[in-house]
Amino acid sequence: FCVNPLLTSDDGDNMTMKVKNNGSIIFQTVYAQQSSSHMWSPIHFIIPANTNIEITFQNADSTSHDVGVSCYGYYMEEF
C-alpha cells in the first residue's frame, strides 16, 4: 500500500500527517511548508487485508489548507 501526500500551499504552516490502522497510529510525520521542496516520495506500508485505514492532516494553526492523498496498492498472494 503506497500513500502519496498532496499539499497545495507553499506559504502555510507545518502539516502533520497521521496514518492509522484499526485506530492505532502506525505512521506520523510533519511536512514543513516553509521548506523549499514540496516533492515528497511515496510512503510504503504492508497492511493486512480487511482492516480500517484512516489518513488525517492537521495544521499548526486554525487556517484551512487544501490537502489530500493518492493511494495505490495490491494484495500479496500466497504461493
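Please refer to the structure higher up on the page.
Here the structure is a predicted model, which means the values were calculated and not measured. The residue count restarts for each chain, going from 1 along the sequence in the order it is written. Local features in this predicted model are restricted to residues of pLDDT 70 or higher, and side-chain atom pairs are both shown and tallied only at a pLDDT of 80 or more, whereas totals for entire chains, interfaces and linings draw on every residue. Values reported for side chains reflect all heavy atoms of the structure, with hydrogen atoms and water molecules removed beforehand.

(A) Quick look at the overall build of the protein chain. The number of helices and strands found in the protein chain is 0 helices and 6 strands. Helix numbering and strand numbering both begin at the N terminus, where a helix is a DSSP run of H or I of at least 4 residues and a strand a DSSP run of E of at least 2. Helices (α) and strands (β) of the protein chain occur, in sequence order from the N terminus, as β-β-β-β-β-β. Note on exposure labels: buried denotes an accessible area under 20% of the residue type's maximum, exposed denotes more than 50%, and partly exposed covers the range between, all computed with a 1.4 Å probe on protein chains only. In the protein chain, which comprises 79 residues, the proportion classed as buried is 24%. Taking the intrachain contacts of the protein chain between residues at least 6 apart in sequence as the baseline, contacts between residues at least 24 apart amount to 66%. Accessible surface for the protein chain amounts to roughly 5,700 Å². Of this, 50% is attributable to carbon and sulfur atoms. Between two residues, a contact is recorded if the distance between any of their heavy atoms is within 4.5 Å. Using a 1.4 Å probe, the Shrake-Rupley method yields the accessible areas, and only the shown protein chains count as cover for residues.

(B) View of the sheet that holds strand β6 (residues 67-72). The strand order β4-β1-β6 describes an open sheet built from 3 strands, whose pairing is antiparallel. Edge strands, defined here as strands with exactly one partner in the open sheet, are β4 (43-44) and β6. The rule for pairing is simple: two strands pair if DSSP sees at least two bridges between them. Relative to β4, strand β1 (residues 2-7) is paired through 2 bridges, and the arrangement is antiparallel. Bridging from a neighbouring strand, V3 pairs with I43 of β4.

(C) Seen up close, the nonpolar core. Here, the term nonpolar core denotes a set of buried Ala, Val, Leu, Ile, Met, Phe, Trp, Tyr and Cys residues that are joined through side-chain atoms within 4.5 Å. Among the nonpolar cores identified, the biggest contains 8 residues, and these are V3, L7, M15, M17, V19, Y31, I43 and F45. Of all the secondary structure elements, the ones that give two or more residues to this core are β1 and β2 (15-21). Tallying contributions element by element places β2 first for this core, with 3 residues. Those residues in contact with V19, other than ones at most four positions away along the chain, are S24, I25, I26, F27, F45, E54 and I55.

(D) Highlighting the state of the cysteines. Any cysteine sulfur atom paired with another within 2.5 Å is treated as part of a disulfide. All chains considered together, the criterion is met by 0 disulfides. With no disulfide of its own, C2 lies 9.0 Å from the sulfur of C71, the closest cysteine sulfur.

(E) Main features of the sheet that holds strand β3 (residues 24-31). Sheet architecture is open: 3 strands sit in the order β3-β2-β5, paired in antiparallel fashion. Pairing within the sheet leaves two strands with one partner each, and these edge strands are β3 and β5 (53-59). Neighbour-to-neighbour, the strand axes of the sheet open up by a mean angle of 15°, direction not taken into account. As defined by bridge partners, β2 adjoins β5 across 7 bridges and the pair is classed as antiparallel. Every angle, taken between N-to-C directions, lies between 0 and 180 degrees, and every axis is a line fitted to C-alpha atoms, over only the stretch in contact when it is a helix.

(F) Inspection of the side chain of N4 at higher detail. Summarising the element assignment, N4 is placed in strand β1. Filtering out sequence-adjacent residues up to four positions away, N4 remains in contact with P42, G68, V69, S70 and Y72.

None of the figures reported here should be taken as evidence of function without further support.
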